Structure formats: structure tokens, C-alpha cells
Amino acid sequence: MSTQAVQRIPEDMHTVTPHIVCADAVSAIDFYVKAFGATDAGKMLAPNGKLIHGMIRIGDSAIMLAEETPEWGAVGPLTLKGSPVTLHLYVQDADAAFQRATDAGATVVMPLADTFWGDRYGVLKDPYGHSWSIAHHVRDMSPEEMQAGAAKACGEPGA
């Protein structure tokens with residue numbers, strides 16, 4: 001047994017790490033590798049081949065995954081008929097990343113566009129029901145410029 005102190009937060013992890021549930025989570029990992037350039041950081045499978053715990057990495061971020069297990073209260077967005085959560089990806093080239101993801105089977109929810117907050121931004125839904133926004137920053141803007149842009153986008157009078 002080691003007497004060395006263990007780091008409470010592992011060196012390669014961030015303070016907040018999404019943990020998503022998917023029906024057919026093993027296939028979801030394969031999709032995320034293809035669609036988003038994720039790396040498979042490991043899988044722990046049950047004897048029936050279902051994913052007990054898995055992890056992918058996209059850029060410097062980790063996402064944990066598990067198979068739907070309704071008897072444990074773990075269900076994914078397809079079973080729930082949607083989710084209010086969107087996973088946001090900042091990338092070097094939103095157009096290329098968006099195309100790669102749609103080529104892999106993601107569907108467009110909101111097409112890519114230059115936004116009032118200074119990003120090129122769009123939203124996709126993966127085949128497992130999770131929403132992903134993809135963006136790259138195109139211009140720096142002051143809070144006042146963003147507020148004026150938001151007012152104009154929302155059709156506020158005088159904007």
C-alpha cells in the first residue's frame with residue numbers, strides 16, 4: 001500500500017466534468033471519435049457488454065459516459081424525449097468541425113452563423129439525443145456591443 005498522498009482532483013481532470021448517459025453508449029463513444037475527433041480514454045464493460053463507465057477526451061476536456069440503466073435512474077435524452085443540456089465545443093474551425101459531425105450522422109438544429117456575441121456558432125444533435133454547440137471566436141466585443149447586438153437580434157424597439 002502506498003503512503004504517498006493522492007491528489008483529490010486527478011492531474012488530468014478539470015473541476016467540472018460532464019457525465020452523460022446514452023442508450024448504446026459503446027457506439028456513442030465510436031460516434032464521438034468520428035464526429036468530434038474525441039479520443040477513447042477507456043471503457044469498463046459489464047459482462048453483458050454494456051458500458052458501466054467510459055471516458056472520452058475532446059481537446060483538453062474529458063466527458064464521462066455510461067449506458068442507460070433505468071433501474072438505477074440513469075436514462076438518456078432519447079428515453080427522456082430531450083434534454084435541456086447542451087455540450088459546448090470551442091474549436092479552431094467551426095465550419096470544418098460542423099461538417100465532420102454532420103458527415104458522421106449528427107443533425108443540424110441551428111445552422112452555423114456569425115453571432116452577435118462574436119462567435120461563429122451552430123448547434124447539432126447527435127444520434128444519442130445530446131445537443132452540441134460548436135463555435136470558434138471571430139471577433140472580440142465589448143459587453144455594450146453584445147447587448148446592442150442582442151437587442152437587435154431579439155427585435156427590441158430602438159435597437
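The coordinates are above.
All of these numbers come straight from a predicted model, not from anything done at the bench. (Residues numbered from 1 in each chain as written. Predicted model: local features only at pLDDT ≥ 70, side-chain atom pairs only at ≥ 80, totals over all residues. Heavy atoms only, no water.)

Q: Before we go on, may I ask you to explain the layout of surface pockets in this structure?
A: Leftover empty space is mapped by rolling, across the atoms, a probe with the size of a water molecule. The volume enclosed by the largest pocket comes to roughly 270 Å³. Together, 15 residues line the largest pocket, and Ile58, Asp60, Ser61, His88 and Leu89 are the ones closest to its centre. Every element with two or more residues in the lining of the largest pocket is listed here: strand S4 (61-67) and strand S5 (86-90). The element contributing the most residues to the lining of the largest pocket is S5, with 4 residues. (1 Å grid on protein atoms, 1.4 Å probe; cavity = no way out; pocket = protein on both sides within 12 Å on 5 of 7 lines; lining within 4 Å. Points joined across faces, edges and corners; volume = space filled by probe spheres on them. Helix = DSSP H or I, 4+ residues; strand = E, 2+ residues; numbered from the N terminus.)

Q: Please clarify how the environment of Gln99 should be interpreted in this entry.
A: One can find Gln99 in helix H3 (residues 94-104). For the pair formed by Gln99 and Ala35, sequence separation is 64 residues and the distance between their alpha carbons is 8.8 Å. Side-chain polar atoms of Gln99 contact the side chain of Asp103, separated by 2.7 Å. (Polar contact = N/O pair within 3.5 Å; in protein donor to acceptor, adjacent residues only side chain to side chain.)

Q: What is the right way to read the nonpolar core from this model?
A: Soluble globular proteins tend to pack their nonpolar side chains together in the buried interior. In terms of nonpolar packing, the biggest core is built from 28 residues, with Tyr32, Phe36 and Leu65 touching the most fellow members. If you list the elements that add at least two residues to this core, you get strand S1 (19-22), helix H1 (25-36), strand S3 (51-58), S4, S5, H3 and strand S8 (131-137). A per-element tally of this core places H1 first, with 7 residues. With near-sequence residues (within four places) excluded, Phe36 lies in contact with Phe31, Ile58, Leu89, Arg100, Ala101, Trp132 and Ile134. (Core = buried A, V, L, I, M, F, W, Y, C linked by side-chain atoms within 4.5 Å. Buried < 20%, exposed > 50% of the residue type's maximum accessible area, 1.4 Å probe, protein only. Contact = heavy atoms within 4.5 Å.)

Q: So what exactly am I meant to see when it comes to the pattern of salt bridges here?
A: Any two side chains of opposite charge can pair, so long as their charged atoms come close to each other. Tallying each qualifying case throughout the model produces 5 salt bridges. Salt-bridge contacts for Asp12 lead to Arg57; the nearest nitrogen and oxygen are separated by 3.1 Å. Highlighted residues: Asp12 in the segment before S1 and Arg57 in strand S3, separated in sequence by 45 residues. Residue Asp40 is joined to Lys43 by a salt bridge in which the shortest nitrogen-to-oxygen separation is 2.4 Å. Under the relative-accessibility criterion, Asp40 is labelled partly exposed at 37%. Counted as one network, the salt bridges with shared partners bring together Asp95, Asp114 and Arg120. (Salt bridge = Lys/Arg side-chain N within 4 Å of Asp/Glu carboxyl O.)

Q: Can you help me understand the sheet that holds S4 in this one?
A: Paired through backbone hydrogen bonds, the strands of a sheet run either parallel or antiparallel to each other. With mixed pairing, 4 strands are arranged side by side in an open sheet as S1-S4-S3-S2. Looking at strand neighbours, the two that pair on one side only are S1 and strand S2 (39-45), the edges of this open sheet. Averaged over neighbouring strand pairs, the angle between their axes works out to 20 degrees when direction is ignored. In terms of strand pairing, S1 meets S4 through 4 bridges, oriented parallel. (Pairing = 2+ DSSP bridges. Axes fitted to C-alpha atoms, helices over the stretch in contact; angles between N-to-C directions.)

Q: Is there a simple way to explain the side chain of Glu68 in this structure?
A: Relative to the helices and strands, Glu68 resides in the loop between S4 and helix H2 (77-80). Lys50 is the oppositely charged side chain nearest to the buried, salt-bridge-free Glu68, at an N-O distance of 8.0 Å. From its side chain, Glu68 meets the backbone nitrogen of Gly76 in a polar contact 2.7 Å long. At a separation of 2.5 Å, a polar atom in the side chain of Glu68 contacts the side chain of Thr79. Excluding its chain neighbours within four sequence positions, the residues that come into contact with Glu68 are Val21, Cys22, Ala23, Ala74, Val75, Gly76 and Thr79. (Lys, Arg positive; Asp, Glu negative; His and termini not counted.)

Q: What's the story with the sheet that holds strand S7 (residues 119-125) in this structure? I'm lost.
A: An order of S5-S8-S7-S6 is seen for the 4 strands of this open sheet, with the pairing classed as mixed. A strand with exactly one partner marks an edge of an open sheet, and here the two such strands are S5 and strand S6 (107-114). Pairwise comparison of adjacent strand axes, ignoring direction, gives a mean angle of 15 degrees for this sheet. As paired strands, S7 and S8 are joined by 7 bridges and run antiparallel to one another. In the strand pairing of S8, Val123 is matched with Ser133.

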